[in-house]
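Residue-level listing of the chains:
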Amino acid sequence: MKYTYLLIDFFTISVPFIYSFHPKLNFYKTWKAFFPAVVLTGIIFLLWDVYFTSLGVWGFNPDYLIGLKVANMPLEEILFFFCIPYACVFTFHCLDLFIKKPIPLRVEKILTPVLILICILLSISYRSHIYPAATFLLLAAVLVWSRYVLKIGWLPKFYIIYTILLFPFLIVNGLLTGTGLDAPIVWYDSNQIIGFRILTIPVEDVFYGMALILVNLLLYKHLLSRRFFSKAA
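Residues numbered from 1 in each chain as written. Predicted model: local features only at pLDDT ≥ 70, side-chain atom pairs only at ≥ 80, totals over all residues. Heavy atoms only, no water.

1. Some details on unusual backbone geometry
For residues other than glycine, phi is negative in most cases, and the peptide bonds are mostly trans. Backbone geometry at Asn26 places phi at a positive 50°, although glycine is not the residue there. With respect to the helices and strands, Asn26 occurs in the loop between α1 (4–19) and α2 (31–55). With a phi close to 60°, Leu199 is a non-glycine residue in the positive phi region. Tracing the backbone through its elements, the reader meets Leu199 in the loop between β5 (197–198) and β6 (201–202). (Helix = DSSP H or I, 4+ residues; strand = E, 2+ residues; numbered from the N terminus.)

2. Remarks on the UniProt feature "transmembrane region" (unreviewed entry) in the chain
The feature "transmembrane region" (unreviewed entry), as given by UniProt, occupies residues 6–22, 34–58, 78–98, 110–127, 133–150, 159–181 and 206–224 in the numbering adopted here. The span residues 6–22 is 82% helical and 0% strand by assignment, and the distance between its end C-alpha atoms comes to 26 Å. A helix fraction of 88% and a strand fraction of 4% characterise residues 34–58, whose end C-alpha atoms lie 28 Å from each other. (UniProt positions renumbered as here; feature names shortened; annotations may be inferred.)

3. What about the pattern of salt bridges?
Tallying each qualifying case throughout the model produces 2 salt bridges. Residue Asp96 pairs with Lys157 through a salt bridge whose shortest N-O separation is 2.9 Å. Of the two residues, Asp96 is situated in helix α3 (residues 75–98) and Lys157 in helix α6 (residues 155–176); the sequence distance between them amounts to 61 residues. On the accessibility criterion, Asp96 (28% relative accessible area) is partly exposed. Taking the shortest distance from any N to any O, the salt bridge between Glu108 and Arg147 comes out at 3.0 Å. Here the residue Glu108 occupies a position in helix α4 (residues 105–125), and Arg147 occupies one in helix α5 (residues 130–149), the gap between them amounting to 39 residues. Here Arg147 falls in the buried class, since its relative accessible area comes to 17%. (Salt bridge = Lys/Arg side-chain N within 4 Å of Asp/Glu carboxyl O. Buried < 20%, exposed > 50% of the residue type's maximum accessible area, 1.4 Å probe, protein only.)

4. A closer look at the packing of α3 against α6
Running from N to C, α3 and α6 point in directions that differ by 145°, and their axes come no closer than 10 Å. As for how α3 packs across α6, the hand of that crossing is right-handed. For the pair α3 and α6, contact is made by Phe80, Ile84, Cys88, Thr91, Phe92, Leu95 and Asp96 and by Lys157, Phe158, Ile161, Ile164, Leu165, Val172 and Leu176, respectively. Here the contact of α3 with α6 is built from residues that sort into 11 nonpolar, 1 polar and 2 charged. (Axes fitted to C-alpha atoms, helices over the stretch in contact; angles between N-to-C directions. Left-handed = near helix turned anticlockwise from the far one by under 90°. Contact = heavy atoms within 4.5 Å. Nonpolar A, V, L, I, M, F, W, Y, C, P; charged D, E, K, R; others polar.)

Pasting the structure below:
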């Protein structure tokens, strides 16, 4: 049992890592952009994680952990912020090569502001519950930055790919929150979440995951473009 969380991390990254060297994908050639992006994003979200853990918003079941900790955080949780983004950015890299027709730009121009508005309203509505309040506000801020400050053109494709990623997300996060297990690996204080769950997954995790992956992609694609243009020069 104590290797459960570690094995989830391992199996999440194993297939994407192996296929990173596939000649039609060549994801390994982007590592110089990916690793700085994932480290910087990981630091930001780990600080969030440490703080929320200290507040008791969530915690970790020692029965499923090997017992090694860094800054009072389980090693498996730290690896989570590398393994999950690796799998997701790899998937984006792959699907970006094959998806030729994302959602129309006119649809994205409506979808993004609507999503931002919904997140702001939900953050206000659940302001007494720290996890949803912070998560919805974070996602709204990241979307505003992406759409109206950076003006990135790949948001339509991101929405499609993140929707696809929700299927493995339900499996991995479901296991972490107790689906199919005797007890959750990661537990949540019911007083600090909305209470609506998808299987055993707090619905907030869907929006938290979107913010996590979008921040990783923003940094990754920025560093990738800088690396490309510096090589071209």
